[in-house]
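# Tertiary structure, described
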Amino acid sequence: MKYHFNEIEAKWQKYWADRGTFHASNNSDKPKYYVLDMFPYPSGAGLHVGHPLGYIASDVYARYKRLKGFNVLHPQGYDSFGLPAEQYAIQTGQHPATTTKVNIEGGVDNQGNVIAGYRNQLDKIGFSFDWSREVRTSDPAYYKWTQWIFTELYNAWYNIDTDKAEGIDTLVSAFAKAGNEGVNAVCDDNIEPFTADAWNAFSDKEQQEILLKYRLTYLAETEVNWCPALGTVLANDEIVNGVSERGGHTVVRKKMTQWSMRISAYAERLIQGLEGIDWSESIKETQRNWIGKSVGAMVSFQLKEHAEKIDVFTTRPDTIFGASFMTLAPEHELVAKITTPEQKEAVDAYIESTSKRSERERMADVKTISGVFTGAYAEHPFTKDPVPVWIGDYVLAGYGTGAVMAVPCGDQRDYDFAKKFGIPIPNVFEGVDISEEAFADKATTVIANSDFLNGLKYKKAVKLAIYELEKIGAGTGKTNYRLRDAVFSRQRYWGEPFPVYYVDGMPQMIPLEHLPVELPEIEKYLPTEDGEPPLGRADVWAWDTKTNTIVSNDLISPSGGDVQGTEGVYPLELNTMPGWAGSSWYFIKYMDNTTEDGSVPKEALDYWGNVDLYIGGSEHGTGHLLYSRFWVKFLYDRGYIEFDEPFQKMINQGMILGTSAIAYRISGTNTYVSAGLKGQHETEGIHIDVNMVNASDEIDVEILKNWQPQFKDAEFVLEGDKFIVGREVEKMSKRWYNVVNPDDICNQYGADTLRMYEMFLGPLEQAKPWNTAGITGVHNFLKKLWKLYHSGAEEVFNVTDAEPTKDNLKTLHKTIKKVEEDIENFSFNTSVSTFMIAGNELAAQKCTSRGILEPLLILIAPYAPHIAEELWSKLGHTESISEAPFPIFDASHLVESAKNYPISFNGKMKFTLELPLDYTKDQIEEVVMAHEKTKMYLDGRTPKKVIIVPGKIVNIVG
């Protein structure tokens, strides 16, 4: 039987699916192991060969852990809400639910495009996923629980004294008994103190307004990244180089009332938690920098001619006497109040121009120096000197207090700002020249020109400055974090609806028993003409508090949802949740997806715990990975789970790069020259489809002419009779026509070849270029492997019960040792090389022994499961190879018991002789001298001496 990989792979994929081979049990005596991939967003473009890299690696490891006796949970699902589906719906007039379903399951969209479907493509590669646990974040049965988590966050506050989230009822109880004076909470900064009597006298609405300042999810007017073209707010990680990642549209800053998550409450725990998890140091450092812990002081500067103060956080209170101006973020709430009439026009114009730059752009741009004087002054807390107040876009409203105490002698940005605008730069450092640049070396700092701080080094000066600030009531020591609360609203349709309705303008949560709140049908997915989100187009989008159902908007109380309304029908929230909502807890839902109400039983949560191995891209370091850690810590605080980190070990796979094909066009013409001739002309490179180019980088000109209209009437200058294209390694993308479809590889070479080749390309965590021409080497190995178990031209199955030879056993056990080490170290590429070496050695040894070839299959099974299953069944096994035990390494088979000695005469080697390694010199000499070849070379002569080095050489002299 020949190696018909297509038939074999289809056969075993059906076998696994029919028998539920990889379904994990929530009740097992085996130790558990949870292997997870970052689940895919199902686009219509489908998979290219770069996408499965991490999935193949996790599958190898999952299959290995099963062989090692673990109960493995290896699930898969879809991150199916999000902006791309909505944008596609707008473009094509299809419902995003329809396109998402087709993208997952395959079919034909209304444009006539044949969509392979993610599920079909994944199945074709032979993953050992437990599909019985599949989740789709856009499934109402799933997002019911996303909505529930939101309500739990709403009904919680963060108690600094207990260092955890607690139910809002405990806060209400504290207010009713003693007011808020003794409450130590993470909350808004603008909360006035009140007594228990005052609290109890407040109206219900007044109490709710106060509680919103404490809740872990809350409504607030927030500076957001607004994308007019997409009609929605974007997170910082959805913006690249100042424009939207999706579509490259302009993004501006504007204030909007938004739902936010008080992730800042968990800042310190998010930093500390990094110490106990096995992640790459680079990802940990990315999160530490994003959270941005810094220790210093909060200082208040009283504004002149105004009642307000400007609060600033500084890590250098020791330099406070060097503060010669203050800078506010252009969006700071005080700017409008303090700007003088003379400066208003300039300030307004600056604010307008700044709103068109994203926060990331402003943070990254250290060269552009811009700002405007407000005309206002603050008072220095110690000297009482006037301090001019400026605005500048290098200060961000969302970081700290949105204001900085500018000390130009000690900060380069402040220094450059002061130089440009002619602001004085007082020097508060002893013996330091600041004529050319600021001085920021804390280690050698000695303070000068600073009254009571003179002569002090950095640490002592900081402590004394804070002490004096606290003494005069102008400041206090504080630990600050750069991490801001996460904006949780999106002005779009295709996302989780909020379980929120409004009574008298105040949010009310819909109880769990009435969830999910499902998306309504609407005609368009664009914002309304009045600028409301797409859900503003829904005619049936109001909550009836009597029937607990969604009803027509016409039934909303005449007062617009006022408490006095008689109908009890109120408007629902028009925003939807962001893309990261569903992905912040999906790994929990996988633990049990069988309950009727969609809940995850405590037994399953306790059994599986957190994810043991998580594989995915490093680009999610400050988005998904941070938010999911936040949600898990919150659920842990509230007693719903017993673990406070979601992912114990994480590996970030590198990218598979595409090898693009480039045709060179002579500039200003429609003439293309072969790659070898491009140096003779001024040319520009045009990307062409790599699938039209052969392994020798040649393309048939007629094929190219028929590919796109721009080539139809073009002229082509050949090299001889060939047109050669250039090659460039870059990101694999449809834009560059360098995408390779894994379906094509599976059809031509087989899924096992694809799996092994992707692992063979290089270390998992490094980027590496794809080259289809290189895949033949792996494919040839699998054909050789097949022949190892067969004999003759007809390839008759030929595995015998013959005893393994010493060489057979040595090859097997060194392979066991290496493969086990490689998998444990995630060095999958070197395992593939080891298999090739083993195959060659066993073929040379003419090995047919079941004792060798059977365990060899188990070793290969995680990498090439289809061929392994087929040969395993041919060996007579009726159960899947995934249930076999992993071979045990026996070091004794690698210990050499004999040495093949080179026998030399006067330093020249004449023959070799294998002798036991434990022979003494005398025993070696006795055997060598008695050997017939020794007698032949001596030809009757008596040697002068015999030099023997045991284990190395024998040299007969004379």
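Residues numbered from 1 in each chain as written. Predicted model: local features only at pLDDT ≥ 70, side-chain atom pairs only at ≥ 80, totals over all residues. Heavy atoms only, no water.

### Quick look at empty space enclosed by the protein
Rule in force here: The distinction between a cavity and a pocket rests on a 1 Å grid over the protein atoms alone: a 1.4 Å probe fits inside a cavity but cannot get out, while a pocket stays open yet meets protein on both sides within 12 Å along at least five of seven lines, and a residue with an atom within 4 Å of a point counts as lining. Grid points are joined across faces, edges and corners, and a volume is the space filled by probe spheres set on the points. Amino acid classes used here: Ala, Val, Leu, Ile, Met, Phe, Trp, Tyr, Cys and Pro are nonpolar; Asp, Glu, Lys and Arg are charged; the rest, including Gly, are polar.
Counted under the stated rule, the structure contains three cavities of 30 Å³ or more. The space that makes up the largest cavity amounts to roughly 90 Å³. For the largest cavity, the full set of lining residues is D365, V366, T368, I369, S370, D393, Y394, R413, D416 and F417. The residue makeup of the lining of the largest cavity, split by class, is four nonpolar, two polar and four charged.

### What about the side chain of S882?
Inclusion rule: Each helix is a run of H or I in the DSSP string that is no shorter than four residues. Each strand is a run of E no shorter than two, and both are numbered from the N terminus. Contacts are residue-level and defined by heavy atoms, with any inter-residue pair within 4.5 Å sufficient.
Tracing the backbone through its elements, the reader meets S882 in the loop between α29 (865-874) and β36 (898-905). Setting aside anything within four residues of it in sequence, one finds S882 in contact with T21, F22, R66, L67 and E869.

### Topic: the sheet that holds strand β8 (residues 217-227)
What counts, and what does not: Two strands qualify as a pair provided that DSSP identifies no fewer than 2 bridges between them. Angles here are taken between N-to-C directions and fall from 0 to 180 degrees, while the axes themselves are lines fitted to C-alpha atoms, restricted in helices to the stretch in contact.
Strand order in the open sheet made by the four strands is β9-β8-β12-β20, with antiparallel pairing throughout. At either margin of the open sheet sits one strand with a lone partner, and together these are β9 (232-234) and β20 (486-487). Relative to β20, strand β12 (residues 252-261) is paired through two bridges, and the arrangement is antiparallel. Paired with S260 across the two strands is V487, which belongs to β20. Its contacts with the sheet place helix α6 (residues 140-154) against β8 and β12, and it is angled at close to 90 degrees to β12.

### Remarks on the packing of aromatic side chains
What counts, and what does not: Aromatic pairs are defined between Phe, Tyr and Trp rings, using the six-membered ring for Trp, whenever the two ring centres lie within 6.5 Å; interplanar angles under 30 degrees are classed as stacked, those over 60 as edge-to-face, and all others as tilted. Burial classification: accessible surface area is computed with a 1.4 Å probe over protein chains only, and a residue below 20% of its type maximum counts as buried, one above 50% as exposed, and the rest as partly exposed. Criterion for a charge above a ring: Arg CZ or Lys NZ at most 6 Å from the ring centre, at most 35 degrees from the ring normal.
Scanning the entire structure with this criterion turns up 69 aromatic pairs. Consider the rings of Y55 and F127, whose centres lie 6.1 Å apart with planes at 85 degrees: the pair is edge-to-face. With Y55 in helix α2 (residues 52-67) and F127 in the loop between α5 (118-124) and α6, the pair connects residues that are 72 residues apart, well separated along the chain. Between the aromatic rings of Y501 and Y570, the centroid separation amounts to 6.0 Å while the plane-to-plane angle is 20 degrees, which identifies the pairing as stacked. Placement of the pair is Y501 in strand β21 (residues 500-503) and Y570 in strand β25 (residues 569-571), with a sequence separation of 69 residues. Classification of Y501 as buried rests on a relative accessible area of 13%. Classification of Y570 as buried rests on a relative accessible area of 7%. Aromatic rings pair up to connect Y33, Y61, Y64, F70, F826, F828, F835, Y863 and F886 into one cluster. Directly above the aromatic system of W131 lies the positively charged group of R119, at a separation of 4.0 Å from the ring centroid.

### As for the environment of D393
Test applied: Polar contacts, as used here, are pairs of N or O atoms within 3.5 Å; protein pairs need one atom able to donate a hydrogen and one able to accept it. Residues neighboring in sequence count only if both atoms are side-chain atoms.
By the element assignment, D393 lies in the loop between β17 (386-391) and β18 (403-406). The class of D393 is buried, set by a relative accessible area of 5%. On a C-alpha basis, the gap between D393 and E359 in space is 8.9 Å, while along the polypeptide they are 34 residues apart. Look past the residues within four positions of D393 in its chain and what remains in contact with it is P330, Y350, T354, R357, R362 and S370. Here R357 takes part through its side chain, which lies 2.6 Å from a polar atom of the side chain of D393.

### Considering the side chain of H48
Counting through the fold element by element, H48 comes out in the loop between β1 (32-37) and α2. A relative accessible area of 13% means that H48 is categorised as buried. A distance of 2.9 Å separates a polar atom in the side chain of H48 from the backbone nitrogen of G50. Contacts of H48, omitting those with residues within four sequence positions, involve M732, V739, V740 and P742.

### Details of unusual backbone geometry
With the exception of glycine, the majority of residues adopt a negative phi angle, and the majority of peptide bonds are in the trans configuration. Omega for the peptide link from L515 to P516 comes to 5 degrees, which places this bond in the cis form. Assignment of secondary structure puts P516 in the loop between β22 (506-509) and β23 (542-544). Of note, N548 is a non-glycine position whose phi angle comes to about 55 degrees, a positive value. Residue position: N548 is located in the loop between β23 and β24 (549-551). Residue classification places N548 among the partly exposed positions, given a relative accessible area of 27%. Backbone geometry places Y737, a non-glycine residue, at a positive phi of 55 degrees. Considering the arrangement of structural elements, one finds Y737 in the loop between β32 (726-731) and α23 (742-748).

### Examining the nonpolar core
Grouped burial of nonpolar side chains is what soluble globular proteins tend to show. Quick note on the threshold: Put simply, buried Ala, Val, Leu, Ile, Met, Phe, Trp, Tyr and Cys residues joined by side-chain atoms within 4.5 Å make one nonpolar core.
Residues W259, F488, Y586 and W631 are the most contacted members of the largest nonpolar core, which totals 91 residues. What F488 contacts, discounting residues up to four positions off in sequence, is F150, W259, S260, M261, F498, T576, M577, P578, W580, A581 and W631. Counting residues in each nonpolar core, the second largest holds 84 residues, with I56, I615, I775 and A864 among its members.

### Remarks on a nonpolar patch on the surface
Quick note on the threshold: Every patch collects residues that have over 30% relative accessible area and no salt bridge, joining them within 9 Å if they carry like charges and within 5 Å if they are nonpolar side chains (Val, Leu, Ile, Met, Phe, Trp, Tyr). Shrake-Rupley sampling with a 1.4 Å probe provides the accessible areas, and residues are treated as covered by the protein chains on show and by no other component. Salt bridge criterion: a side-chain nitrogen from Lys or Arg within 4 Å of a carboxyl oxygen from Asp or Glu.
A grouping of I947, V949 and I953 is seen on the molecular surface, where their side chains present a nonpolar patch of about 200 Å² in accessible area. Relative to the elements of secondary structure, I947 occurs in strand β38 (residues 945-949). Of the residues examined, I947 reaches a relative accessible area of 33% and is grouped as partly exposed.

### Points about the sheet that holds strand β7 (residues 185-186)
Sheet architecture is open: three strands sit in the order β6-β5-β7, paired in antiparallel fashion. Since the sheet does not close on itself, it has two edges, and those belong to β6 (164-167) and β7, each with one partner. Pairing of strand β5 (residues 156-159) with β6 involves four bridges; the strand directions are antiparallel. Directly across from W157, in β6, lies its bridge partner E166.

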